[in-house]
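If you want the building blocks of each chain, they are given just below.
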Amino acid sequence: MIQSNYIKIFGIAAYHTFFDNGKCNCLHFIPNHKTDKTLKKFGFKINAVSNGFDLYSNTKSSLSDLLNYISTTTQQNYFEFDIKCSNPNFILFTTLPINWIGAIAYSSQDPKNLNNNGKIVLNQTLENKPVSSHFGHLKIYFEDILKNQNTDNAPLFEINFTARATQWQYYFINKNALHLNNPSITEKENIQFDGPQKVTIQTGESALLFTSNKTYITLSEKPKYKFDLISSSASANQNNTKPKVIIKGLPCPDVSRVGIIENSDQNEVASPMYIYL
């Protein structure tokens with residue numbers, strides 16, 4: 001009987017605040033050609049998890065002996081992985097430069113990495129490349145695997161992303177000449193909408209625009225805020241009667257639709273929403 005002696009040598013996990021459970025399941029780590037050959041030749045096993053993978057070794061010698069032998073025979077002292085992204089809207093809902101084209105690089109040698117008892121948060125470096133076949137790439141150096149090994153746990157290398165915050169813009173197109181008295185959008189958790197402002201949209205139609213102005217609201221996979229369009233008359237305010245709800249539960253942004261706010265400092269981003277009344 002063949003004795004299997006797999007030990008976990010490190011793990012990779014990706015997290016993103018956009019997703020409800022915090023796990024980023026749309027990034028896929030693929031060993032590049034040279035690393036793939038090494039993994040197969042020396043009997044490593046990749047165990048995929050929802051937001052990354054764990055790498056296992058089946059070695060009878062010590063891990064340091066094995067890695068030293070690999071670097072001597074292959075002239076390479078790291079594992080390298082290409083990162084592919086399966087979500088086409090990733091850059092739109094992630095805090096990354098909106099017009100950026102390139103690849104994200106991670107390295108276990110980056111001095112800006114944060115080490116928290118064997119959990120290493122990797123610093124991201126944006127590489128500007130006009131043509132990139134991958135979303136990013138990752139290098140895990142042998143010395144960092146060995147340096148962070150302890151008796152209980154293999155090192156975990158972590159990649160973190162934060163969700164983009166945008167100015168929310170509601171455009172109401174009143175096709176049915178609905179009578180609106182002092183329309184406004186309900187306030188939630190100190191988020192106030194400015195408006196209405198009369199504007200003409202790209203179709204040539206007139207619209208009433210409300211915006212969250214300087215309050216940028218974080219995008220999320222599942223809606224965290226529900227706003228209503230309400231209408232109230234002056235007499236209603238005096239009589240303390242409740243405003244009339246015209247639309248309960250306004251839509252939340254479609255993350256594939258973003259607009260650049262003109263005259264903003266750093267290409268700040270808006271989420272436009274068009275509602276026909």
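Here, every reference points to the structure presented above.
In short, a report on the structure. None of these values were measured; they are calculated from a predicted model.

1. Some remarks on the pattern of salt bridges
The final tally for this structure, using the stated rule, is 7 salt bridges. Note that K147 is salt-bridged to D144, the shortest N-O span being 3.3 Å. Of the two residues, K147 and D144 are both situated in helix α4 (residues 142–147); the distance of 3 residues between them amounts to about one turn of the helix. We classify D144 as buried; its relative accessible area is 4%.

2. What about the packing of aromatic side chains?
Centre distance and the angle of the planes are the two values used to describe a pair of aromatic rings. Per the stated rule, a full pass over the model turns up 23 aromatic pairs. Their ring planes at 80° and their centres at 5.8 Å tell us that F10 and F157 sit as a pair that is edge-to-face. Here F157 lies in strand β11 (residues 156–161) and F10 lies in strand β1 (residues 6–16), a separation of 147 residues in the sequence. On the basis of an interplanar angle of 15° and a centroid distance of 4.0 Å, the ring pair of F18 and F93 is categorised as stacked. Taken together, the residues span a long stretch of sequence, with F18 in the loop between β1 and β2 (27–31) and F93 in helix α3 (residues 90–93) at a distance of 75 residues. With a relative accessible area of 1%, F93 lands in the buried category. Three or more aromatic residues joined by ring pairs make a cluster, and in this case those are F10, F29, F44, F53, F79, F81, F142 and F157. A cation over a ring is seen here: K139 above Y78, with NZ or CZ 4.6 Å from the ring centre.

3. Side note on the side chain of S231
Assignment of secondary structure puts S231 in strand β17 (residues 229–231). The class of S231 is buried, set by a relative accessible area of 9%. Among the polar contacts made by the side chain of S231, one reaches the main-chain carbonyl oxygen of N181 at a distance of 3.1 Å. S231 has contacts with L180, N181, N182, P183, P243, K244 and I246, leaving out every residue within four places of it along the chain.

4. What to know about empty space enclosed by the protein
For the coordinates displayed, the defined rule picks out 1 cavity of 30 Å³ or more. As a volume, the largest cavity reaches approximately 30 Å³. Put simply, the parts of the chain that give the lining of the largest cavity at least two residues each are α1 (33–41), α2 (63–74) and β5 (78–85). For the lining of the largest cavity, the per-class residue count stands at 4 nonpolar, 4 polar and no charged.

5. Some words on the pairing of strand β12 (residues 165–173)
For β12, a buried count of 8 out of 9 residues is recorded, marking the element as mostly surrounded by other parts of the structure. Bridge analysis of β12 against strand β16 (residues 217–218) gives 2 bridges, and the strand direction is antiparallel. Paired with A165 across the strands is T218, a residue of β16. Inspection of the sheet shows β12 paired to strand β20 (residues 269–276) by 7 bridges, in the parallel sense. Counterpart to W168 in the pairing with β20 is S271. Bridging between β12 and strand β15 (residues 206–211) involves 4 bridges; their strand directions are antiparallel. Each bridged residue has a counterpart across the sheet, and for Q169 the counterpart in β15 is T211.

6. As for the sheet that holds strand β6 (residues 102–107)
Neighbouring strands of a sheet are bound in pairs by backbone hydrogen bonds; such pairs are parallel or else antiparallel. Sheet architecture is open: 5 strands sit in the order β2-β5-β10-β6-β9, paired in mixed fashion. The outermost strands of the open sheet, each flanked by one partner alone, are β2 and β9 (125–128). Within the sheet, the average angular offset between the axes of one strand and its neighbour, ignoring direction, is 30°. Where β6 and strand β10 (residues 136–141) come together, 4 bridges link them in parallel fashion. Looking across to β10, one finds that A105 is bridged to H137.

7. Remarks on the pairing of β10
Counting buried positions along β10 yields 5 of 6 residues, so the element is predominantly enclosed. For β5 and β10, the ladder comprises 6 bridges, and the chain directions are antiparallel. Residue pairing in the sheet places D82 in a bridge with H137 of β10.

So, how was this worked out
Residues numbered from 1 in each chain as written. Predicted model: local features only at pLDDT ≥ 70, side-chain atom pairs only at ≥ 80, totals over all residues. Heavy atoms only, no water. Salt bridge = Lys/Arg side-chain N within 4 Å of Asp/Glu carboxyl O. Helix = DSSP H or I, 4+ residues; strand = E, 2+ residues; numbered from the N terminus. Buried < 20%, exposed > 50% of the residue type's maximum accessible area, 1.4 Å probe, protein only. Phe/Tyr/Trp six-rings, centres within 6.5 Å; stacked < 30°, edge-to-face > 60°. Lys NZ or Arg CZ within 6 Å of the ring centre and 35° of its normal. Polar contact = N/O pair within 3.5 Å; in protein donor to acceptor, adjacent residues only side chain to side chain. Contact = heavy atoms within 4.5 Å. 1 Å grid on protein atoms, 1.4 Å probe; cavity = no way out; pocket = protein on both sides within 12 Å on 5 of 7 lines; lining within 4 Å. Points joined across faces, edges and corners; volume = space filled by probe spheres on them. Nonpolar A, V, L, I, M, F, W, Y, C, P; charged D, E, K, R; others polar. Pairing = 2+ DSSP bridges. Axes fitted to C-alpha atoms, helices over the stretch in contact; angles between N-to-C directions.

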